[in-house]
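# Results of the structural survey
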Number of protein chains: 2
Amino acid sequence: MSLKHGLLGLLNYGSMTGYELDKAFKASLSFFWQAKTSQVYRELDAMERRGWLTSERIMQTEKPNKRVYTITDSGKEELACWLSLPEADIADAMRVKSAFLIRVFFAGETNIEQSLDMLRAYRDKCLESRKSLRAAHTASEEYGAVVGDKRKAAFWELSILYGEAFYDASLDWAEKAITILEDRGL
Amino acid sequence: MSLKHGLLGLLNYGSMTGYELDKAFKASLSFFWQAKTSQVYRELDAMERRGWLTSERIMQTEKPNKRVYTITDSGKEELACWLSLPEADIADAMRVKSAFLIRVFFAGETNIEQSLDMLRAYRDKCLESRKSLRAAHTASEEYGAVVGDKRKAAFWELSILYGEAFYDASLDWAEKAITILEDRGL
DNA sequence: CCAGCCATGTAACCGGTTACATGATTGT
DNA sequence: ACAATCATGTAACCGGTTACATGGCTGG
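Note that this is a predicted model, so its numbers are computed, not measured. Residue numbers here run from 1 along each chain, matching the order of that chain's written sequence. All chains are assigned letters beginning at A, and all ligands numbers beginning at 1, according to the order in which they are written. Given that the model is predicted, a residue must reach a pLDDT of at least 70 before its local features are reported, and side-chain atom pairs must reach 80 or more before they are shown or counted; all residues, however, enter totals for whole chains, interfaces and linings. In computing side-chain values, all of the structure's heavy atoms are included and hydrogens and water are not.

### Brief notes about the sheet that holds strand S2 (residues 53–58) of chain B
Residues and elements named next belong to chain B. Rule in force here: Strands were regarded as paired on the criterion that DSSP finds at least two bridges between them. Segments assigned H or I by DSSP are reported as helices when at least four residues long, segments assigned E as strands when at least two residues long, and all are numbered from the N terminus. Any two residues whose heavy atoms approach within 4.5 Å are treated as being in contact. Axis geometry follows a simple rule: fit a line to the C-alpha atoms, using only the stretch in contact for helices, then measure angles between N-to-C directions, giving values from 0 to 180 degrees.
Read across the open sheet, the 3 strands follow the order S1-S3-S2; overall the sheet is antiparallel. Both outer strands of the open sheet, strand S1 (16–17) and S2, are each paired with one neighbouring strand and no more. Here S2 runs beside strand S3 (residues 66–71); their pairing, made up of 6 bridges, is antiparallel. Its bridge partner lying in S3, serine 55 is registered against tyrosine 69. Here helix H1 (residues 2–13) sits on the sheet in contact with S1, S2 and S3, set at roughly 90° to S3.

So, in structure tokens, the structure goes:
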């Protein structure tokens, strides 16, 4: 149930509308978790029913009406509880799912050009993602300095560092894989 | 739809029962994709309805009756088609989902000991997974030599190499993160 | 005697995806 | 003129998880 807890974490920084939350989620957590706008609204509803949030409808004339969500004490408790789940649950949280690697596993069924194309496309995507993370990194450093909370900033940095390490490793692998296939003529 | 295609790929090596497929899936593809036994049976049903498979019930007296699945030409076509999807879909296949990283992102809300415990537990799990992949690697090398298909064996190796690179990078990151937090006293 | 393997599934539920609907304001 | 931004959702569907049901044979 990570989407709910991701949203709780963001709302813990301050009250927001569903629209703003959706954008905040996509701007910060989308590297580790993806959610469609329609799902965000549905989850907010469910969270309010559980008493983790309250919402207030605000009428506007110039713009569409909006609904501002605020985390409750019960929601803060739930967040704290989720953040301190024991180590046992970490194995679950670590799990990798990659359709790409299933394709690699079965790529022996395709021809040489096809498998090399696939790997080259993967390498290019990794390069692209790596570049956009570099931008995110500098943006986060500046933001961290503004906010002034060194502890929070340190963890934001760490999560970005993870992403960089991940893409660097993926890139190295892709380049090595391409070289191996080219050299062996497979 | 990776589970369906993973199962197709395995059935393409030879006909099997649902039970055997489930075990084969868990033995080979479970690093990149996880599926419960009950889901495997459900997917096999759906795949048969689509005409990708046929099944034959085999009565046994000493053991429970079984049902052997065989890939059809239409299923082989579908597999080939999936394996040659264009680069556009690779971005989708690359996507990372990690509840653990959401926890890291919000770990600034918890205390020092809690966040260090979390990172140490993560590091330990990585070490464990890394060790079991080393075993899988040697097993795959031996199996590859027996099968004799160098091309297939090369891709099995590559997918395991990916896993090793992934866990090595995760481990390095975790150790670095622990050092940073300890040094800065955060 | 009990654990574990063999072998099949069903039912309910939850979470994620796709497609659709509305409609005013602001900037190029 | 056209796209983007603001702002809300609904409905149907698909994929993954949890819990449950059955039952004989084999090895420690």
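What follows continues from the structure just given.
### As for the domain arrangement of chain A
Rules: The domain boundaries here were taken from an automatic or database domain assignment.
Segmenting chain A into domains produces domain 1 (2–93) and domain 2 (99–184). Relative to domain 2 of chain A, the C-alpha centre of domain 1 of chain A lies at a distance of 28 Å.

### A closer look at the interface of chain A and chain B
This is how the line gets drawn: Note on terms: buried area is the combined drop in 1.4 Å-probe accessible area of two parts once they are placed together, counting the loss on both. Whenever Lys or Arg places a side-chain nitrogen within 4 Å of a carboxyl oxygen from Asp or Glu, that contact is recorded as a salt bridge. Throughout this description, a polar contact denotes any pair of N or O atoms lying within 3.5 Å of each other; where both atoms belong to protein, one of them has to be capable of donating a hydrogen while the other can accept it, and for residues adjacent in sequence the pair is counted only when both atoms sit in side chains.
Taken together, the contact pairs 70 residues of chain A with 70 residues of chain B. Where chain A abuts chain B, roughly 7,200 Å² becomes buried across the two surfaces, and 72% of that area is made up of carbon and sulfur atoms. Inspection of the chain A/chain B interface yields 2 salt bridges. Of the charged contacts in the structure, one is a salt bridge between Glu109(A) and Lys152(B), with a shortest N-O distance of 3.7 Å. On inspection of chain A and its partner chain B, the count reaches 24 residue pairs in polar contact (both at pLDDT 80 or more). Elements with a minimum of two residues in the side of chain A that touches chain B: helix H1 (2–13), helix H4 (73–83), helix H5 (90–94), helix H6 (99–105), helix H7 (112–147) and helix H8 (150–184) of chain A. No other element matches H8(A), which puts 21 residues into the side of chain A that touches chain B.

### Some points on the nonpolar core
The test is simple: Here the nonpolar core consists of buried residues drawn from Ala, Val, Leu, Ile, Met, Phe, Trp, Tyr and Cys, with membership extended through side-chain atoms lying within 4.5 Å. The buried label goes to any residue with under 20% of its type's maximum accessible area, the exposed label to any with over 50%, and the partly exposed label to all in between, with areas taken from a 1.4 Å probe on protein chains only.
Core analysis: the largest hydrophobic core is formed by 117 residues, its most contacted members being Phe100(A), Tyr122(A), Leu158(A), Trp173(A), Phe100(B), Tyr122(B) and Trp173(B). Considering each element in turn, this core owes the most residues, 16 residues, to helix H8 (residues 150–184) of chain B. If we ignore the near neighbours within four places in the chain, the residues touching Phe100(A) are Met118(A), Leu119(A), Tyr122(A), Trp173(A), Ile90(B) and Ala93(B).

### Things to note about the pattern of salt bridges
Residues and elements named next belong to chain A. In this structure the tally under the stated criterion is 20 salt bridges over all chains. Taking the shortest distance from any N to any O, the salt bridge between glutamate 48 and arginine 67 comes out at 2.9 Å. Taken as a pair, glutamate 48 in helix H3 (residues 37–49) and arginine 67 in strand S3 (residues 66–71) lie far apart in primary sequence, 19 residues in all. With a relative accessible area of 24%, glutamate 48 lands in the partly exposed category. On the basis of relative accessible area, arginine 67 is assigned to the partly exposed category, the value being 23%. Ionic pairing is found between arginine 123 and aspartate 124, a salt bridge with its closest N-O pair at 3.4 Å. Residue classification places aspartate 124 among the partly exposed positions, given a relative accessible area of 41%. Through salt bridges with shared partners, a single ionic network connects Asp45, Glu48 and Arg67.

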